[in-house]
Amino acid sequence: MSVTVTDTLRLGLIGFGEAAEAFATGWGRELTAHARAYDEKCDNPETETLPLERMRRSGVAPAATRAEALAGAEAVFCLVTADQAVRAAEQAAPCLAPGAFWFDGNSCSPGAKRKAAQLVEAAGGRYVDVAIMAPVHPRLHRTPLLIAGPHVGKAGALLERLGMVAKPVGETVGEASAIKMIRSVMIKGMEALTAECLLAARRAGIEERVLQSLQASNPGIDWPNQAAYNLERMMVHGKRRAAEMREVAVTLTELGLPNGVASATADWQQRIGDLALPAGEDAFADRADAILKRL
């Protein structure tokens, strides 16, 4: 369902990957007619095709520069890779309109969010820590968000105008990010455990017995379907998830805790993501075999 607004709301987007396209598609053409996006991949003829196609599909005008994308924007969504969040804020901050909201939806550590916030606030913008808490498909702009920071009241009202679903979790930058980062130890860690356990079982020819044992121990999980889904997440999004898990490892270090599981999870996510395999058939055996042929 697209969003209807009674007055013009100018939007800017920095980074135009899957999340940006999903949000823009959900907003609808009436709103994206007043949106501009900059993605530095568009500066390179070898990498420009996908982000430009995403913009075209969602009705967002491509901008040649950050300044062009942010000129007059009341709200800016920063949706780059996790390791680029602070750099993106640093590069864009001088271009922000006074009082513009900077919605940082990147999966990075609370410390990184605080660094980005300092840059945005010093430039006269209003920083909002945003955590995207579910896959953006099929819910698009209705994907659940957590928001934190000193501007959550007015920021939440603006997101509501956009038809988005945002839950305030605190007035300190980093609170939303911390929830997502720490949760990812479990969610992405389970994906890595799936790979290490069940790829080994498949190669050893005993996956059916291992799956049966897991089902008996944890009957609330449909293990074959969950295994197929977990492998699909790593095959399609592994590189991005690896970047996030490196930020999770940083988060744990910031808390004075060891990060061995998070670091190992990043390694598995990167390893499978680097294979650049299509998800293929929705079956564990097919996906496992495709991965095992390349490992």
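Residues numbered from 1 in each chain as written. Predicted model: local features only at pLDDT ≥ 70, side-chain atom pairs only at ≥ 80, totals over all residues. Heavy atoms only, no water.

Looking at an unreviewed UniProt entry, one finds the protein chain named DUF1932 domain-containing protein and attributed to Plastorhodobacter daqingensis.

Trainee: Can you help me understand empty space enclosed by the protein in this one?
Mentor: If a probe as big as a water molecule is rolled over the atoms, it shows which places are left empty. Summed over all chains, the structure comprises 1 cavity of 30 Å³ or more. Roughly 50 Å³ of internal volume is contained in the largest cavity. Around the largest cavity, the lining residues are Phe23, Phe77, Leu79, Phe103, Gly105, Val130, Ile132, Leu145 and Leu159. Class assignment of the residues belonging to the lining of the largest cavity gives a composition of 8 nonpolar, 1 polar and no charged. (1 Å grid on protein atoms, 1.4 Å probe; cavity = no way out; pocket = protein on both sides within 12 Å on 5 of 7 lines; lining within 4 Å. Points joined across faces, edges and corners; volume = space filled by probe spheres on them. Nonpolar A, V, L, I, M, F, W, Y, C, P; charged D, E, K, R; others polar.)

Trainee: What exactly am I supposed to notice about the pairing of strand S2 (residues 35–38) here?
Mentor: On any regular strand, side chains alternate: one points to one face of the sheet, the next to the other face. Sheet topology places strand S1 (residues 11–14) next to S2; 4 bridges connect them, and they run parallel. Considered in S2, the bridge of Leu13 is made with Ala37. Alignment of S2 against strand S3 (residues 61–62), held across 2 bridges, turns out to be parallel. Each residue of the ladder has a partner; that of Ala37, found in S3, is Pro62. For the crossover from S2 across helix H3 (residues 49–58) to S3, the handedness is right-handed. (Pairing = 2+ DSSP bridges. Helix = DSSP H or I, 4+ residues; strand = E, 2+ residues; numbered from the N terminus. Right-handed = clockwise from strand over helix to strand, strands pointing away.)

Trainee: Would you explain a nonpolar patch on the surface in this entry?
Mentor: Together, Met186, Ile187, Met190 and Leu193 make up a nonpolar patch on the protein surface, roughly 380 Å² of accessible area in all. Looking at where Ile187 falls in the secondary structure, it is placed in helix H8 (residues 175–204). (Patch = residues over 30% accessible without salt bridge, like charges linked within 9 Å, V, L, I, M, F, W, Y side chains within 5 Å. Areas by Shrake-Rupley, 256 points an atom, 1.4 Å probe, with all protein chains shown as cover. Salt bridge = Lys/Arg side-chain N within 4 Å of Asp/Glu carboxyl O.)

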